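This is what each chain is made of:
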Amino acid sequence: SILKVNTIQDATNSTTAISVDTAGRVTTPARPAFLAFPSANFNTGTGAGTTQIFNSTQHNIGGHYSTSTGKFTVPIAGVYLFGATIATSTTASAIVYMSAEITFNGSLGSNKRYHGGWGNKDSSMNTHHREHFTVQLNLAVGDTAQFSHESNVDVACLGGQNGRHCSFWGHLIG
């Protein structure tokens, strides 16, 4: 049998859950997703698991990322993909190590903080230094995710520009 449908909506609010266009492309416009970034440059400070609140969003479908706390709160159980990027200004001093990280449920324990993008920058390099990280996790309703970083020196990082340099993002895969 053939089922022909253009739009599927929830029964209560008539919110579009799935759309299919004439070419057969499927979209899910209510799928939780966000891209957050700092509105201005910031300094990292030093140490492990330093959280950074990104106070601007390019998009925040469902409103589950808070620009006041810097946390994404999981609205529906499932597998999520998260990413983080941190970029220094060209005037940043020598960095022995720096990482972009994601902390889950506010814990800095090794099983709740995911590290990535470890790298270093020589002081003679008059260039931006950037670290990236992605992780895919199966999460429960109410779990939280937040951007964090680690650096051995207090480094100036780039903000603004709609998340082009420093960003924290995530979305429900399914």
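The coordinates are above.
The sections below set out a description of the structure shown in this document. Owing to the predicted nature of the structure, the values given are computational and were not obtained by experimental measurement.

1. A closer look at the nonpolar core
(1) Moving on: Core analysis: the biggest nonpolar cluster contains 27 residues, and Phe54, Phe82, Ile86, Ile102, Phe104 and Phe168 have the highest contact counts within it.
(2) Moving on: At the level of secondary structure, the elements contributing two or more residues to this core comprise strand 4 (33-37), strand 9 (78-87), strand 10 (95-104), strand 12 (130-139), strand 13 (144-151) and strand 15 (167-172).
(3) Moving on: The element contributing the most residues to this core is strand 9, with five residues.

2. Quick notes on the layout of surface pockets
(1) Moving on: One number sums up the size of the largest pocket: a volume of about 200 Å³.
(2) Moving on: Lining the largest pocket, in full, are Ala17, Ile18, Thr28, Ala30, Arg31, Pro32, His64, Pro75, Ile76 and Leu172.
(3) Moving on: Classifying every residue of the lining of the largest pocket gives seven nonpolar, two polar and one charged.

3. Observations regarding the sheet that holds strand 3 (residues 26-27)
(1) Moving on: Taken together, the three strands give an open sheet; going across it, the order is 1-2-3, and neighbouring strands pair in antiparallel fashion. Pairing within the sheet leaves two strands with one partner each, and these edge strands are strand 1 (7-9) and strand 3.
(2) Moving on: Bridge count for strand 2 (residues 16-20) against strand 3 is two bridges, and the pairing is antiparallel. Among the inter-strand pairings, valine 20 is bridged to a residue of strand 3, identified as valine 26.

4. Focus: the pairing of strand 13
(1) Moving on: Counting buried positions along strand 13 yields eight of eight residues, so the element is predominantly enclosed.
(2) Moving on: Of the two faces of strand 13, the one lined by Thr144, Gln146, Ser148 and Glu150 and the one lined by Ala145, Phe147, His149 and Ser151 are each fully buried.
(3) Moving on: In the sheet, strand 6 (residues 47-51) pairs with strand 13 via three bridges, with the strands oriented antiparallel. Bridge pairing in strand 13 places threonine 50 opposite histidine 149.
(4) Moving on: Two strands pair when backbone bridges link them, and strand 8 (residues 71-73) and strand 13 are joined in this way by three bridges, in the antiparallel orientation. Bridged to lysine 71 within strand 13 is glutamine 146.

Cut-offs applied
Residues numbered from 1 in each chain as written. Predicted model: local features only at pLDDT ≥ 70, side-chain atom pairs only at ≥ 80, totals over all residues. Heavy atoms only, no water. Core = buried A, V, L, I, M, F, W, Y, C linked by side-chain atoms within 4.5 Å. Buried < 20%, exposed > 50% of the residue type's maximum accessible area, 1.4 Å probe, protein only. Helix = DSSP H or I, 4+ residues; strand = E, 2+ residues; numbered from the N terminus. 1 Å grid on protein atoms, 1.4 Å probe; cavity = no way out; pocket = protein on both sides within 12 Å on 5 of 7 lines; lining within 4 Å. Points joined across faces, edges and corners; volume = space filled by probe spheres on them. Nonpolar A, V, L, I, M, F, W, Y, C, P; charged D, E, K, R; others polar. Pairing = 2+ DSSP bridges.

Interpretation note: all reported values are geometric properties and have no functional meaning in isolation.
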